[in-house]
Structure formats: structure tokens, C-alpha cells
Amino acid sequence: MAGFPIEPASRIKTLPPYLFAAIDEMKQKAIAKGVDIINLGIGDPDLPTPAPIVERMREEVGNARHHQYPSYEGMLAFRRAVADWYKWRFGVVLDPDAEVLTLIGSKEGIGHVPLAFVDPGDVVLVPSPGYPVYPVGTSFAGGTSYFMPITKANDYLPDLAAVPKDVARKAKLMFLNYPNNPTSATAGKDFFKRVVDFAQEHRIIVCHDAAYSEIYYDGRKPPSFLEIEGAKEVGVEFHSLSKTFNMTGWRIGFAVGNRQVLAGLGKVKSNLDSGVFQAVQGAGIAALESKDVLAADIRSMYQERRDVLLPGLKRIGLEVEPLRAAFYVWITVPKPFTSASFTAHILEKAGIVTTPGNGFGQAGEGYIRMTVCTKKERLAETVARLEKAGLTP
Ligand SMILES: *Cc1c(COP(=O)(O)O)cnc(C)c1O
């Protein structure tokens, strides 16, 4: 049979070209040549999930009640554990019945929320640079992203007053993400307060992505958006066990806050997926109930790594944003490089894989991103290799 040309839908044909493909190809070539690659490209914790969580999973998986379809909104016991954790961590009170929704990782909920609220022609406010799921989820729903630059000059916070009035009028939803990927910036309550006022004025649903709230340094805890008065009236917060407990492979996250927003997202989800394996939710309960016992060790390990990498990078002459939260080091590309050419330079000359900043949106041009998801010995080696390779073409 000859078959016929298989045509993808325009929604995937128009996706931006995969910016990391070129890097990946260079990486594969280097590996084939036997180069000892240091991979600082991926934002994925390198250490295993803490043993007590794994142990709880072993017990839960033997429970035959978990072998059937889970409930769509997640087990009440898990949602209660989320509510308790929010109360403990942020002092935010949530109704586990209507103000908590279990997700198959927060990425799933972030990608699907526009399907519930965005119609063709609607605008979604999206930070640039930012997590690519925000604009892609928007475009899958037929919406248009309006990119709000987050730049050093504005402490990596969007300038809400700079959003044109007609754009704000058409905007249905806004994504925000603090602690921020890729810049590692944090937002204070004063900023969140301005967001609530802006959202009220223009009737915009706020979707705040707080995946990194527990990865912080020097004891400076980032706040929740929901700590602000009125926040629950305008939006939701997305959260995840992925980064806090080294659980990226388990696929469990949650959204909390405005019940109408969660009901809409839940309606989309009940038509697309069938929830999270209940054994994983059971293990998630163990993680959340550990409060800070397991998370604190993970946090202090990142801090040790930061304290190796950042001073080293500065010593060899790189301009680096302070790492206050999350695990991303946001580095200004030295002249005359671009994001892409500097990424290529240090891969070729030093065997170090990083991510070009423009992969996160136009406003990321002129930067590269490194992660601290690698042992500190390798981070020290990174500095040594960069010093040897030099910062000029
Ligand atoms: C890692 C990450 C998430 C979490 O993804 P999960 O699907 O929960 O594993 C969410 N947002 C951002 C910005 C991230 O970097």
C-alpha cells in the first residue's frame, strides 16, 4: 500500500521550532567522540526520592483498592494533606473539597487550564522568558499569548502598567511563576498585591505556578500568591511534589485556590484523563506530611552546590544573577556571544551542556541557564573547564 501524506494539525505545525534540537545534536556528537559531558541543561533533580516516600509507595502499591480508577478530583485524603500542608507552610486555609484539585504533575494542569477558560481570540498574558507550557497551552486552546518581558531592570517582575489597555481588556488569563524558571527570581507580597488589583480591575484569571516554592536559599522562604487578601477570588496556584521531594518521575501535583477555576479545569480533565494512581497519591501524602523533614535536606544540598558554582563563575568573570530560589543559574552571555553561540562555545570547548536563554522566549536572549542538579564536584569541574576554555570566541 502506498499510504498517504500524514498531515499534522496546524496547532502542532505552528509550534515554535524545537530550539534545543541543535544543542542535543552537538551533545550527541560530543558523547560519541568520548567527551565527558557535564549536563547542566536539564531541570530535573539528580538525587532519588527520599526513602520514606519510596517505602510508603511499596506499601500502597499492594493495596488492591488502589488498582481501580482513582476519583477524578483526587483522593480526599490527598487533598486534605495538601490543605494541611498549605496551612502549615503559608497559613492559607483551603477547603479540601472544592479548593484543591490533584494533577498528573503541575505541567498537566498548566497545559490544560486554557482549554477551560480561553476561547479563540482571547489573550493570555505570559511572562518572557518563561516555561514554554504557558504559551503552548494557550495556543492549543486557540488563544493568543501576549508576552510580558521580565527583565533585570524590573527585578524580573512583569511591568503590569505596561500592558496596553486593549490587551488587558481582551486578556482572560495570566500566567506567573515565582520562584521563577529560568531566572531564579522571587516575588514579594507587594508584587502579588499589585497582581490581585490588576486582575480584579481587568477581570483576569491569575494562574500562579509555584513549583519551586520549597527550593530556597539562606532561609528566605518565598510566599504563596494565595497569602494575599483577595487572591482566591481571582486565581489559583499550581504546585508540585516534583521539585520539593525529588519526585519528577512520579507525576503528581495539584492546583489550589479559586473553586470556579478549579471546577473548570476539573471538567476538562474528567474528559481527558482519569486521575493519578492512588498509590502515588498515598506516597504523596507521606511526602506532604513530612512537612520540612525531607525537604530541608534537599534544600541544603542545593545551597552547598550554589556556594561552589556561583563564586566560581563570578571569579572567572561571568555576570550571574544571585540564586535566591529554584535551581537555575541565570548567566549573562559575555560579548560578542549570543545565547546560542555561547551555549555552543562552552559545549564544544568545555563539554558543558547548558540551555540558551532564548529557548524560554525572546526576552531570554543574551543569557544562558545552568542548573545545580549535578554533584558539587562536577560544578567545581565546570568552573575549571570554563576557565580553561576562556570566555572569548
Ligand atoms: C518543573 C516545573 C514544573 C513542575 O512540573 P511537574 O509537571 O509538576 O513535574 C512546573 N513549572 C515550572 C516552571 C517548572 O520548571
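Honestly, the packing of aromatic side chains in this entry has me stumped. Any pointers?
The relation between two aromatic rings is expressed through the spacing of the ring centres and the mutual angle of the planes. Summed over the entire model, instances satisfying the criterion amount to 17 aromatic pairs. Seen from their ring centres, phenylalanine 192 and phenylalanine 225 are 5.5 Å apart, and the 80° between their planes marks the pair as edge-to-face. With phenylalanine 192 in helix H8 (residues 189-202) and phenylalanine 225 in the loop between strand S6 (205-209) and helix H9 (231-234), this pair connects stretches of sequence that are 33 residues apart. Grouping residues by exposure puts phenylalanine 192 and phenylalanine 225 together as buried. One aromatic cluster in this structure is built from Phe78, Trp85, Tyr86, Trp88, Phe90 and Phe254.

Where do I start with the nonpolar core in this structure?
The tendency in soluble globular proteins is for nonpolar side chains to be buried side by side. One finds Tyr86, Leu125 and Met174 to be the most contacted residues of the largest nonpolar core, which totals 60 residues. In terms of residues, this core owes the most to one element, helix H4 (residues 76-90), which gives seven residues. Built from parts of two domains, this core gets at least three residues from each of domain 1 (13-42 + 294-389) and domain 2 (51-291). Apart from the residues lying within four places of it in its own chain, the contact partners of methionine 174 are Leu125, Met148, Leu160, Val195, Phe198, Ile204, Ile205, Val206 and Cys207.

How should I be thinking about unusual backbone geometry in this particular structure?
Most peptide bonds adopt trans geometry, and most residues besides glycine take a negative phi value. Look at the link from serine 128 to proline 129: it is a cis peptide, with omega at 0°. Put simply, tyrosine 178 and proline 179 share a cis peptide bond, and its omega is -10°. On the secondary structure map, proline 179 appears in the loop between strand S5 (171-177) and H8. Located in the positive-phi region is serine 184, a residue other than glycine, with phi close to 70°. Here serine 184 is to be found in the loop between S5 and H8. Positive phi, normally seen in glycine, also occurs at arginine 203, with a value near 55°. Topologically, arginine 203 is positioned in the loop between H8 and S6.

Can you walk me through the sheet that holds S5 in this structure?
One key point about sheets: their strands pair by backbone hydrogen bonds, in either a parallel or an antiparallel sense. Sheet architecture is open: seven strands sit in the order S2-S8-S7-S6-S5-S3-S4, paired in mixed fashion. Only two strands of the sheet have a single partner each, and these edge strands are strand S2 (100-103) and strand S4 (144-149). For this sheet the average axis-to-axis angle between neighbouring strands, irrespective of direction, equals 20°. The pairing of S2 with strand S8 (residues 253-257) spans four bridges and is classified as antiparallel. Within the sheet, the bridge partner assigned to leucine 103 lies in S8 and is glycine 253.

Which parts of the structure should I look at to understand the layout of surface pockets?
Empty space among the atoms becomes apparent when a probe as large as a water molecule is rolled across them. Of the volumes computed, that of the second largest pocket is approximately 210 Å³. Its residues placed into classes, the lining of the second largest pocket shows four nonpolar, three polar and four charged.

In this structure, what is going on with the sheet that holds strand S10 (residues 328-332)? I would like to understand it.
One open sheet accounts for four strands, arranged S9-S10-S13-S12; its pairing is antiparallel. Strands at the two margins of the open sheet, each flanked by one partner only, are strand S9 (319-320) and strand S12 (355-356). Taken together, the five bridges between S10 and strand S13 (residues 367-371) define a ladder with antiparallel strand orientation. Note on S13: the bridge partner recorded for isoleucine 331 is isoleucine 368. Taken strand by strand, helix H12 (residues 293-315) contacts S9, S10 and S13, and its axis lies near 5° from that of S10. In this fold helix H13 (residues 339-350) packs onto S12 and S13, with an angle of close to 45° to the strand it touches most, S13.

Explain empty space enclosed by the protein to me, please; I cannot follow it from the model alone.
Inspection of every chain in the model, using the stated rule, returns one cavity of 30 Å³ or more. Here the largest cavity is characterised by a volume of approximately 30 Å³. Taken together, Trp85, His239, Ser240, Leu241, Thr244, Phe245, Phe254 and Leu288 make up the lining of the largest cavity.

Whenever I open this one, a nonpolar patch on the surface confuses me. Can you help?
Together, Ile12, Leu15 and Phe140 make up a nonpolar patch on the protein surface, roughly 240 Å² of accessible area in all. With respect to the helices and strands, isoleucine 12 occurs in helix H1 (residues 10-13).

Sorry if this is basic, but what is going on with the site of the ligand here?
Surveying the vicinity of the ligand reveals 15 residues, the closest of which are Asp209, Ser240, Ser242, Lys243 and Arg251. Interatomic distance of 2.7 Å between a side-chain N/O atom of tyrosine 212 and an oxygen atom of the ligand. Notes on the ligand: free accessible area 390 Å², of which the protein chains cover 94%. For the shell around the ligand, the class distribution of residues is five nonpolar, six polar and four charged.

What counts, and at which threshold
- Residues numbered from 1 in each chain as written.
- Predicted model: local features only at pLDDT ≥ 70, side-chain atom pairs only at ≥ 80, totals over all residues.
- Heavy atoms only, no water.
- Phe/Tyr/Trp six-rings, centres within 6.5 Å; stacked < 30°, edge-to-face > 60°.
- Helix = DSSP H or I, 4+ residues; strand = E, 2+ residues; numbered from the N terminus.
- Buried < 20%, exposed > 50% of the residue type's maximum accessible area, 1.4 Å probe, protein only.
- Core = buried A, V, L, I, M, F, W, Y, C linked by side-chain atoms within 4.5 Å.
- Domains from an automatic or database assignment.
- Contact = heavy atoms within 4.5 Å.
- Pairing = 2+ DSSP bridges.
- Axes fitted to C-alpha atoms, helices over the stretch in contact; angles between N-to-C directions.
- 1 Å grid on protein atoms, 1.4 Å probe; cavity = no way out; pocket = protein on both sides within 12 Å on 5 of 7 lines; lining within 4 Å.
- Points joined across faces, edges and corners; volume = space filled by probe spheres on them.
- Nonpolar A, V, L, I, M, F, W, Y, C, P; charged D, E, K, R; others polar.
- Patch = residues over 30% accessible without salt bridge, like charges linked within 9 Å, V, L, I, M, F, W, Y side chains within 5 Å.
- Areas by Shrake-Rupley, 256 points an atom, 1.4 Å probe, with all protein chains shown as cover.
- Salt bridge = Lys/Arg side-chain N within 4 Å of Asp/Glu carboxyl O.
- Near = heavy atom within 4 Å.
- Polar contact = N/O pair within 3.5 Å; in protein donor to acceptor, adjacent residues only side chain to side chain.

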